[in-house]
Amino acid sequence: MPVMGEMDFLPEILPSVLKAAEGIDFELFICVNQPEDYRTDENKKPIYKDNQSCLEYLQALADQRIHILDYSSAGKGWQGKKHGVGHARRVAMDAAVANADADDLLVSMDADTLISGNYFHNLLCLQKQYPDAVGMALPYYHPLTGNKAEDRAVLRYELYMRFYSLNLWRTESPYRFTALGSAMACPVKSYRKIGGITPKMSGEDFYFLQKLRKSGPIVVYSPEKVYPASRFSARVFFGTGPAMIKGNSGDWSSYPFYDPRFFDEIQTFYGLLPKLYRDDCEHQVLDFLKESNKGRAIWCDWRANAASEQAFIKAAHTAFDGLRILQYLRRRKDQQPETTEMLTIRSWVVKFYPHIGQALPELFFIDALENADTALLNALRDALVLEEEKLQKECPLI
């Protein structure tokens, strides 16, 4: 669990974690961290002071199961460019696996995220149920706060994530999961196999789950969710908090609703792979991959190194991974005439989820999401949650 300036949340979150872990042999590694220069930067000093309060709180618990990794106190903060949640998560996870058994379960958490009392027991059950799984990307749900600005911002962001995920499910992409640092787990042996989590300043959860997925199947369904805080936060460089801040100012350009036809193109690309194994063909995704690789037809490499069609398809999915999919969608969006997000959402609902349109007719009488009331945004979010859960239940291991 990485911690930076979380004294408002830690005294509520930590007892819930300890309660959920009752009856389980566990150790908890908490990395309290910030850059060293926060101690003297007047704008950042409150974070350093908050961290010192977190350290005092943790030390006062005197719980031998809790390991405090102090990257906050004088002389112990991050130096130079080596800082951020990715580094903190790496330090905590590396410390956790240092003396762990290969089949122990490594669980990634956040200090602002609530879990249920059955959370850890459920994870252990999933590990037994799916022994071949190399990791877990677990369901999430952002609780509303009652603050109108926060609620509208987090709902808009979550709608983006649900829309994206549901469209990836349509394509049957191997990367049809949502990456949240507070909702990941894997056996220790899987962590070691992929060389651990890459210590990026933000987005480490995305790259970690992508690495895991390339090494084997992951669990994407659980009856237990995590409940991340819905708050404006600049502690990380991108993710929920920064997205909410940017969106609250009216800028959602980094989180668009991509035209579903672009996902259709990905789906047809997947369908072409058996043919591509034998002969060259044309497709928008191949054009993108060629352009992204300095004009080289990298599928010739897949073909040359694949002993079978199945190996070729695996190589294709490894190359056209979650990051490349996002880059492709951005490229296609830039190539097409701009359209309104409500037109995109309405046409998608009508085509794929007409029952949602029937249940929420108000969607067809607003010209922009910012003009929808909070209740409608929440109802749409909840409808998409149910659709995603149905797909996860039908295919819990991808």
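Residues numbered from 1 in each chain as written. Predicted model: local features only at pLDDT ≥ 70, side-chain atom pairs only at ≥ 80, totals over all residues. Heavy atoms only, no water.

**Q** Honestly, the sheet that holds strand β3 (residues 66-71) in this entry has me stumped. Any pointers?
**A** Consider a sheet: its strands pair through backbone hydrogen bonds, and that pairing is either parallel or antiparallel. The strand order across the open sheet formed by three strands is β1-β2-β3, and the pairing between neighbours is parallel. Each edge of the open sheet is held by one strand with a lone partner, namely β1 (2-3) and β3. Where strand β2 (residues 28-33) meets β3, six bridges bridge the pair, whose relative direction is parallel. Residue pairing for β3: Ile 30 is matched across the bridge by Ile 68. (Pairing = 2+ DSSP bridges. Helix = DSSP H or I, 4+ residues; strand = E, 2+ residues; numbered from the N terminus.)

**Q** What am I meant to see in the packing of aromatic side chains here?
**A** Aromatic ring pairs are described here by two measures, namely the spacing of the ring centres and the angle between the planes. A complete count under the given rule lists 23 aromatic pairs for this structure. Seen in terms of ring centroids, Phe 163 and Phe 257 are 5.2 Å apart; in terms of plane orientation they differ by 85°. Their pairing is edge-to-face. Within this pair, whereas Phe 163 is found in helix α5 (residues 148-171), its partner Phe 257 is found in the loop between α8 (240-248) and α9 (260-278), the two being separated by 94 residues in sequence. Taken as a pair, Phe 163 and Phe 257 share a single burial class, namely buried. Summarising the aromatic geometry, the rings of Phe 269 and Tyr 270 are spaced 6.0 Å apart at their centres and angled 45° between planes, so their arrangement reads as tilted. Side by side, Phe 269 and Tyr 270 carry an identical accessibility label, which is buried. An aromatic cluster of at least three residues, connected via ring pairs, comprises Tyr 157, Tyr 160, Tyr 164, Trp 252, Tyr 255, Tyr 258 and Phe 263. The ring of Tyr 141 carries the charged tip of Arg 381 above its face, separated from the ring centre by 3.8 Å. (Phe/Tyr/Trp six-rings, centres within 6.5 Å; stacked < 30°, edge-to-face > 60°. Buried < 20%, exposed > 50% of the residue type's maximum accessible area, 1.4 Å probe, protein only. Lys NZ or Arg CZ within 6 Å of the ring centre and 35° of its normal.)

**Q** Is there a simple way to explain the pattern of salt bridges in this structure?
**A** Should the charged atoms of two oppositely charged side chains come close, the side chains can pair. Counted according to the given criterion, the structure contains 24 salt bridges. The salt bridge partner of Arg 90 is Asp 94, with a shortest N-O separation of 2.7 Å. Of this pair, Arg 90 and Asp 94 both sit in helix α3 (residues 85-97), four residues apart, which is roughly one turn of that helix. When its relative accessible area of 24% is taken as the criterion, Arg 90 is described as partly exposed. Linking Asp 280 and Arg 303 is a salt bridge whose minimum nitrogen-to-oxygen distance equals 2.7 Å. Residue Asp 280 is found in the loop between α9 and α10 (284-292), and its partner Arg 303 is found in helix α11 (residues 299-305); the two are separated by 23 residues along the sequence. Among the residues examined, Asp 280 registers a relative accessible area of 51% and is labelled exposed. Residues participating in the shared-partner salt-bridge network are Glu 158, Arg 162, Arg 381, Asp 382 and Glu 388. (Salt bridge = Lys/Arg side-chain N within 4 Å of Asp/Glu carboxyl O.)

**Q** What is the right way to read the packing of helix α1 (residues 10-20) against helix α2 (residues 45-61) from this model?
**A** The relative placement of two packed helices is expressed as an angle between their axes plus a distance between the axes. For the pair α1 and α2, interaxial distance at closest approach is 11 Å and the crossing angle is 35°. Crossing of α1 against α2: the hand is right-handed. Residues Leu 10, Pro 11, Leu 14 and Pro 15 of α1 form the contact with α2, whose own contacting residues are Cys 54, Tyr 57, Leu 58 and Leu 61. Along the lines of polarity and charge, the residues of the contact of α1 with α2 split into eight nonpolar, no polar and no charged. (Axes fitted to C-alpha atoms, helices over the stretch in contact; angles between N-to-C directions. Left-handed = near helix turned anticlockwise from the far one by under 90°. Contact = heavy atoms within 4.5 Å. Nonpolar A, V, L, I, M, F, W, Y, C, P; charged D, E, K, R; others polar.)

**Q** Looking at this model, I keep getting lost on the pairing of β2. Mind explaining?
**A** Across a regular strand the side chains alternate sides, sitting on one face of the sheet and then on the other. The element β2 is extensively covered by neighbouring structure, given that six of its six residues are classed as buried. Of the pairings in the sheet, the one linking β1 to β2 comprises two bridges and is parallel in character. Paired with Val 3 across the two strands is Val 32, which belongs to β2. With α1 bridging β1 and the parallel β2, this β-α-β connection has right-handed handedness. (Right-handed = clockwise from strand over helix to strand, strands pointing away.)

**Q** Sorry if this is basic, but what is going on with the sheet that holds strand β6 (residues 135-137) here?
**A** Within the open sheet, the four strands sit side by side as β4-β7-β6-β8. Their pairing is mixed. At either end of the open sheet lies a strand with only one pairing partner, and these are β4 (105-108) and β8 (218-219). Here β4 pairs with strand β7 (residues 184-187) via four bridges, running antiparallel. Considered in β7, the bridge of Leu 106 is made with Cys 186. Across the sheet, helix α4 (residues 119-129) lies against β4, β6, β7 and β8, angled at about 135° from β4, the strand it touches most. Along the sheet face, helix α7 (residues 204-215) touches β6, β7 and β8 and points at about 35° away from the line of β7.

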